[in-house]
Amino acid sequence: VESGRSELAIEPFELMELLVGVTALFEPRAREKGVEFDFVPDLDALGCYQGDIVRLRQILSNFLSNAVKFTHQGSVELTVKTEPAPDSDKTRLTFSVIDTGIGFDPEAKERLFQRFEQADTSITRKYGGTGLGLPICRALAEQMSGVVDAAPNPGGGSIFTFTVDLPQ
């Protein structure tokens, strides 16, 4: 991805099919842990879009996987909102994964998106992982002219967002 050798495969896809498919992968694990799992689509966002569904699925799957892994009580929620993209005939989609998990300090935010880094060293020992998922998500988002971001959730936990402009 970082070498620029991967090419986007732009094709039509139904947003609801993507969202239902990706939530089906993670909802059972959340329920096993006793964590509430919610999916809240903006009905205006539903429909057919042109984009790389594999890359979109990869980003959303990483966000949801992390949210379920790092949340032991409370909830994980996937939302999608839409608005017209500025200076374009595209639609801006903003996907958010909001959890009540372990969260992170605001100072750790930039480390989250650096290769082989996690919020702190105890994370790797306790939860495993390579520290590559979020940097790959950032690179994929940038390849699609999108943006990923993270913020501590004021109620505890984290909010990870992915924003991309796609034609319908």
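None of these values were measured; they are calculated from a predicted model.

1. A few points about the sheet that holds strand S5 (residues 91-99)
Right, on to step 1. Strand order in this open sheet of 5 strands is S2-S4-S5-S7-S6, and the pairing throughout is mixed. Either end of the sheet is taken by a strand with one partner, and the two such strands are strand S2 (36-41) and strand S6 (147-152). Each strand of the sheet is rotated relative to its neighbour by a mean of 15°, with strand direction disregarded.
Right, on to step 2. Bridging between S6 and strand S7 (residues 158-166) involves 6 bridges; their strand directions are antiparallel. Its bridge partner lying in S7, Ala151 is registered against Ile159.
Right, on to step 3. Helix-sheet contacts for helix H2 (residues 53-70) involve S2, strand S4 (75-84), S5, S6 and S7, and the interaxial angle to S7 is about 170°.
Right, on to step 4. Sitting on the sheet, helix H5 (residues 133-143) touches S6 and S7, and the angle it makes with S6 is about 140°.

2. Describing the nonpolar core
Right, on to step 1. Core analysis: the largest hydrophobic core is formed by 37 residues, its most contacted members being Leu15, Ile59, Phe63, Phe95 and Phe162.
Right, on to step 2. Those elements giving two or more residues to this core turn out to be helix H1 (15-32), H2, S4, S5, H5, S6 and S7.
Right, on to step 3. Ignoring any residue separated from it by four or fewer positions in sequence, one finds Ile59 in contact with Cys137, Leu140, Ala141, Met144, Val148 and Phe162.

3. Quick notes on the packing of aromatic side chains
Right, on to step 1. Enumeration over the complete set of coordinates arrives at 4 aromatic pairs.
Right, on to step 2. Between the aromatic rings of Phe104 and Phe160, the centroid separation amounts to 6.1 Å while the plane-to-plane angle is 50°, which identifies the pairing as tilted. Residue Phe104 is located in the loop between S5 and helix H3 (109-112), and its partner Phe160 is located in strand S7; the two are separated by 56 residues in the primary sequence. Summarising the burial analysis for this pair, Phe104 and Phe160 share the class buried.
Right, on to step 3. Ring pairing ties together the aromatic residues Phe63, Phe104 and Phe160, which thus form one cluster.

4. Overview of H1
Right, on to step 1. Taking 1.5 Å of rise per residue, the 18 residues of H1 would be expected to cover 26 Å, and the 27 Å separating its terminal C-alpha atoms lies within 8% of that figure.
Right, on to step 2. At Ala24, H1 shows its largest kink, close to 35°, and the proline Pro28 lies no more than four residues downstream.
Right, on to step 3. All of the buried residues in H1 are Leu15, Leu18, Leu19, Val22, Thr23, Phe26 and Ala30.
Right, on to step 4. Two residues or fewer after H1 comes Gly34, characterised by a positive phi angle close to 80°.

5. Let's talk about the packing of H1 against H2
Right, on to step 1. Between H1 and H2, whose axes approach to 10 Å, the crossing angle comes to 20°. With respect to each other, H1 and H2 are oriented roughly parallel. Considering the relative orientation of H1 and H2, their crossing is right-handed. Judged by residue contacts, Leu18, Leu19, Val22, Leu25, Phe26, Arg29 and Ala30 of H1 engage Ile53, Leu56, Arg57, Leu60, Ser61, Leu64, Ser65 and Val68 from H2.
Right, on to step 2. Per-class residue counts for the contact of H1 with H2 are 11 nonpolar, 2 polar and 2 charged.

Calculation notes
- Residues numbered from 1 in each chain as written.
- Predicted model: local features only at pLDDT ≥ 70, side-chain atom pairs only at ≥ 80, totals over all residues.
- Heavy atoms only, no water.
- Pairing = 2+ DSSP bridges.
- Helix = DSSP H or I, 4+ residues; strand = E, 2+ residues; numbered from the N terminus.
- Axes fitted to C-alpha atoms, helices over the stretch in contact; angles between N-to-C directions.
- Contact = heavy atoms within 4.5 Å.
- Core = buried A, V, L, I, M, F, W, Y, C linked by side-chain atoms within 4.5 Å.
- Buried < 20%, exposed > 50% of the residue type's maximum accessible area, 1.4 Å probe, protein only.
- Phe/Tyr/Trp six-rings, centres within 6.5 Å; stacked < 30°, edge-to-face > 60°.
- Expected span 1.5 Å × (residues − 1).
- Bend = angle between axes of the 7 residues up to and from the residue.
- Parallel < 35°, antiparallel > 145°, perpendicular 65-115°, else oblique.
- Left-handed = near helix turned anticlockwise from the far one by under 90°.
- Nonpolar A, V, L, I, M, F, W, Y, C, P; charged D, E, K, R; others polar.

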